[in-house]
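Overview (structure and organization)
Listed below are the residues making up each chain.
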Amino acid sequence: MLALGVSLEGPNHEGPPPLDALDPLLKAPQHAAYVSEVVREFGYRQHHPADSEIDLGEEIRSALKSPAEVLIVHLVAHGRLADTGERGLHVVGVDGSNLDDPVSSWISLIESHPDKPRPLTLFILDLCHSGVAATLPWHQEMPAGRRRAWVIAATGSQDRAFDYRLSRATRTVLGNYRDGTSTVDRSYPYIPLPTVGREIAREVASLSAQEGFEQLVDGSRVAFIERVEDLEELPFFPNPLYNGRSSSVLSEVDPGIASLVDEAFDARHFMLRGAGSEPLDRGLGQGYFHGREREVSLLTDWLNGEGSGFRVVTGKPGVGKSGLLGVLVCAAHPQLRESARNLWFRLPVKPACNDRLAVVHARRRDLDQIADSVARQMGARDKDRPADGWEAEQLLRLAGPGGYTLVIDGLDEAERPDDITQALLLPLARAALAGHIGIRLLVGTRSEPPFTALLQLAQEADGLINLDHTQPDEIYQAVRRYVGDLLADDTPYAARDTVNAANALAEGIAERLTGKGDPTLCEVSPDEPKPLGWGEFLVAGLYLHHVLTLPTERDPGRARDLGLQVPRDLPDLLELDLARRADQPDVRAVLAAVAHARGSGMPERIIANAAAVFTHGTDALPSWRVQEVLEHVRFYLRQDIDTDGTTLYRLFHEGLAEHLRADPFGPQEQGQLP
């Protein structure tokens, strides 16, 4: 990096300075040094010219022609527009006169010589009128992917800069990223440059509001049709949170499947659901899928090509739709099969490997995104995409005579799922049922009004699998084995002297959730117990997460009683967990804030402000505390990444969100939200 602060030499005359005299900018070197210090914490070293007597302009040119791969040039000085000629922006030297070369010539030195090894350069220009350098017409015409020079300017082309604000803001923003006050998702190796620019602009606006004299930051312009990825990958500021080993969407997955390039596939979703390990946050090391033998057999035969071409898997929230589809996809997909062997190998029957399998996780994706993903997985290139997007008939032709098996999970969580159903899935389903060899379609969704026609079509073709209709005895056995396996893996209940208590605990949980042999239900009513309104496996896993925070129960009788205490309602289970955090009211406040998230989720900054409403406070929660709480309650959360790299949070289940929105303060303070 090259950071230069230019102070003016003192006047040669005595008395007060002329009214039009420039401010000497005595603190310019100091602010340049401050920015240099924080930038060096991102791995930069200071550029030193070969000739210590070189003038300012030549020093900058020397840096721009250096062998460095990445360069940051930070200038704190007066900027002046030339009165004649091209009216370009010039830096004012120590003697008060313009440097010979305009700033545009430095950008041209990089961009006009593509055959020469010029560094990828970011100019941070704390100069008056510096927006001129950010909006050079010829530079704006260059595609973003080919540019090697980028500009963050203190102000617009006709405006003045005040009080070193850009430098102060840059120091603050980069310092926040270094100490973790501000973050981007850990999957990003670099903080996206637009994100840095927006944060700096926000900080300058805050300084303007405090100090007066409005100042608006400017920056390099990019056409809205440019690829966002070109800007995300600019390597100016390494992300302090980045961990290359777990950076991709396939973290904890064998590197052999890292070649999956279609994000809508979301292989991690299918692997995590197939593993059944999320309740204890165990990642993908071991598979815990149990039960559903009939459904596994039916769908295995279907994936192997038997039966009609269309099926739907449905059921109540948390019943295991994604778990069932996930474990089968792991077994059938050629890029997951070997790496995920430990997740599916215990299945009673196993689908064959299918190299013509297209898989999409529909959550938060719209019609175009889903259709585009299917087309790409069928081998289409971006240039093949029709102007109006892929339609069902075009996908059928694309599948070709060999045909494709298509699996769509999470349809109920998609964006505008009715559009996806009507425009894409129903036409594909009808074609599949009519015997079209191009497609076989399997959909996972809740039973909700937008999908009535889809569910009816599947039912008429004997292709509807409703997991709510599984017999209680079968669910009991599967839940008991599921809990037993979770307890047997690295918990206090895995020891020899607690094995009987572990078995009793698993039996108690399974009895309570399925109603089989539960004495507490028999005492209330001799009638058949009402089916659980939530998925038994989901509730069992969440309760076990709570149980393992309690002292280990070694007596089998008391362990069974502990199992029988599992709530049969998901919100009650949340309240059970929050009750033990009663001394930390901000935990509930953060969850209540996240419950109001829409779309892909809510960023930390908004959570910090929204949570204050639910703590009866006026100030935002400190960022460190928000991050700490989010870590503590991470099991209740799902994460996504915004277009600027910011991590977004939402609750993993809409039922929890509805409960917290209705009761954000808890049982002790009901009705306090106006």
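What you see is a predicted model; the values in this text were computed from it and never measured. (Residues numbered from 1 in each chain as written. Predicted model: local features only at pLDDT ≥ 70, side-chain atom pairs only at ≥ 80, totals over all residues. Heavy atoms only, no water.)

1. So, the overall build of the protein chain
Per the secondary structure count, the protein chain includes 26 helices and 15 strands. Here the protein chain, with 674 residues, has 53% of them falling under the buried criterion. Taking the contacts inside the protein chain whose residues are at least 6 apart along the sequence as the reference set, 74% of them involve residues at least 24 apart. Split by element, the accessible area of the protein chain, about 31,100 Å² in all, is 48% carbon and sulfur. (Helix = DSSP H or I, 4+ residues; strand = E, 2+ residues; numbered from the N terminus. Buried < 20%, exposed > 50% of the residue type's maximum accessible area, 1.4 Å probe, protein only. Contact = heavy atoms within 4.5 Å. Areas by Shrake-Rupley, 256 points an atom, 1.4 Å probe, with all protein chains shown as cover.)

2. Describing the sheet that holds strand β13 (residues 602-603)
Spatially, the three strands line up as an open sheet ordered β13-β15-β14, and their pairing is antiparallel. Each of the sheet's edge strands pairs with one partner strand only, and the pair in question is β13 and β14 (637-641). Looking at chain direction, β14 and strand β15 (residues 647-651) are connected through five bridges and run antiparallel. Bridge pairing in β15 links D640 to L648. Here helix α23 (residues 585-594) sits on the sheet and contacts β13, β14 and β15; the angle it forms with β15, its principal contact strand, is near 95°. (Pairing = 2+ DSSP bridges. Axes fitted to C-alpha atoms, helices over the stretch in contact; angles between N-to-C directions.)

3. Re the nonpolar core
Counting 61 residues, the largest nonpolar core has L505, L591, I607, Y636 and L651 as its most contacted members. With residues up to four places along the chain from it excluded, the contact list for Y636 reads L542, L574, D577, L591, R650, L651, F652 and L656. Y44, L122, V184 and L193 belong to the second largest nonpolar core, which has 38 residues in total. (Core = buried A, V, L, I, M, F, W, Y, C linked by side-chain atoms within 4.5 Å.)

4. Side note on the sheet that holds strand β9 (residues 357-361)
Sheet architecture is open: five strands sit in the order β9-β10-β11-β8-β12, paired in parallel fashion. Each edge of the sheet is formed by a strand with only one pairing partner; in this case those strands are β9 and β12 (464-466). For this sheet the average axis-to-axis angle between neighbouring strands, irrespective of direction, equals 10°. Its contacts with the sheet place helix α13 (residues 367-377) against β9 and β10 (404-409), and it is angled at close to 155° to β9. Packing of helix α16 (residues 452-460) onto the sheet brings it into contact with β8 (310-314), β11 (439-444) and β12, and relative to β8 it is tilted by some 120°.

5. A word on the pairing of strand β5 (residues 120-126)
Counting buried residues along β5, seven of its seven residues qualify, which places the element largely inside the surrounding structure. Alternating residues of β5 divide into L120, L122, I124 and D126 and T121, F123 and L125, and every residue in both groups is buried. Judged from the seven bridges that link them, strand β2 (residues 70-76) and β5 form a sheet pairing that is parallel. By the bridge assignment, I72 is partnered in β5 with L122. Pairing between β5 and strand β6 (residues 149-153): five bridges, direction parallel. When the sheet's bridge partners are listed, L125 is paired in β6 with A153.

6. Considerations on the packing of aromatic side chains
Applying the stated criterion across every chain, the model contains five aromatic pairs. Positioned above the aromatic ring of Y34 is the side chain of R171, whose terminal nitrogen or guanidinium carbon lies 4.0 Å from the ring centre. Here the basic side chain of R178 rests over the ring of F42, its NZ or CZ set 5.4 Å away from the ring centre. (Phe/Tyr/Trp six-rings, centres within 6.5 Å; stacked < 30°, edge-to-face > 60°. Lys NZ or Arg CZ within 6 Å of the ring centre and 35° of its normal.)

7. A short note on the packing of helix α6 (residues 165-179) against helix α7 (residues 193-211)
When two helices pack together, their arrangement is captured by the angle between the axes and the distance separating the axes. Packing of α6 against α7 brings their axes to within 9 Å, and their N-to-C directions diverge by 125°. Viewed along their axes, α6 and α7 adopt a mutual orientation that is oblique. Once α6 is placed against α7, the crossing between them reads as right-handed. Residues R165, L166, R168, A169, T170, T172, V173, L174 and Y177 of α6 touch α7, and the partners they reach there are T195, V196, E199, I200, E203, V204, L207, S208 and E211. For the contact of α6 with α7, the per-class residue count stands at nine nonpolar, four polar and five charged. (Parallel < 35°, antiparallel > 145°, perpendicular 65-115°, else oblique. Left-handed = near helix turned anticlockwise from the far one by under 90°. Nonpolar A, V, L, I, M, F, W, Y, C, P; charged D, E, K, R; others polar.)

8. Structural notes on empty space enclosed by the protein
Using the criterion set out here, one finds two cavities of 30 Å³ or more in the structure. Taken as a whole, the second largest cavity spans an internal volume of roughly 30 Å³. Lining the second largest cavity are Y177, G180, S182, T183, V184, I191, N239, P240 and L241. (1 Å grid on protein atoms, 1.4 Å probe; cavity = no way out; pocket = protein on both sides within 12 Å on 5 of 7 lines; lining within 4 Å. Points joined across faces, edges and corners; volume = space filled by probe spheres on them.)

9. Observations regarding the pattern of salt bridges
Applying the stated criterion across every chain, the model contains 24 salt bridges. Note that R221 is salt-bridged to D218, the shortest N-O span being 3.0 Å. Note on D218: relative accessible area 17%, which makes it buried. When the shortest N-O distance is used, the salt bridge between R558 and E553 registers 3.1 Å. A relative accessible area of 51% places R558 in the exposed class. Connected through shared salt-bridge partners, E58, R61 and D101 make up one network. (Salt bridge = Lys/Arg side-chain N within 4 Å of Asp/Glu carboxyl O.)

10. Observations regarding the side chain of T121
Counting through the fold element by element, T121 comes out in strand β5. A polar contact of 2.9 Å, which involves the side chain of T121, links it to the backbone oxygen of P119. Excluding its chain neighbours within four sequence positions, the residues that come into contact with T121 are L64, L71, V73, I110, R148, A149, W150 and F236. (Polar contact = N/O pair within 3.5 Å; in protein donor to acceptor, adjacent residues only side chain to side chain.)

11. Brief notes about the confidence of the model for the protein chain
Of all residues in the protein chain, 86% have pLDDT values of 70 or greater, and the mean over the chain is 84. In this model residues 244-262 is a low-confidence stretch, pLDDT under 50, and it forms 33 contacts with partners more than four residues away in sequence or in other chains. Per-residue pLDDT stays below 50 along residues 670-674; that stretch engages in seven contacts with residues further than four places along the chain or on separate chains. (pLDDT = per-residue confidence, 0-100.)

12. A look at the packing of helix α2 (residues 56-64) against helix α3 (residues 103-111)
At a closest axis distance of 10 Å, the pairing of α2 and α3 adopts a crossing angle of 20°. Here α2 lies roughly parallel to α3, going by the angle between them. The way α2 lies across α3 gives a crossing that is right-handed. Within the contact between the two elements, α2 uses G57, I60, R61 and L64 and α3 uses W106, L109 and I110. Taken together, the residues that form the contact of α2 with α3 break down as five nonpolar, one polar and one charged.

13. Regarding the pairing of β2
Within a regular beta strand, the side chains point alternately toward one face of the sheet and then the other, so they alternate between its two faces. β2 sits mainly inside the fold: six of its seven residues count as buried. The pairing of strand β1 (residues 2-5) with β2 spans four bridges and is classified as parallel. Directly across from G5, in β2, lies its bridge partner V76.

14. Observations concerning the side chain of H90
Looking at the secondary structure, you find H90 in strand β4 (residues 89-91). Exposure remark for H90: the relative accessible area of 10% places this residue in the buried category. A distance of 2.8 Å separates a polar atom in the side chain of H90 from the backbone oxygen of L99. In this structure, H90 is in contact with H78, G79, R80, A82, N98, L99, D100, D101 and P102, ignoring residues within four places of it in sequence.

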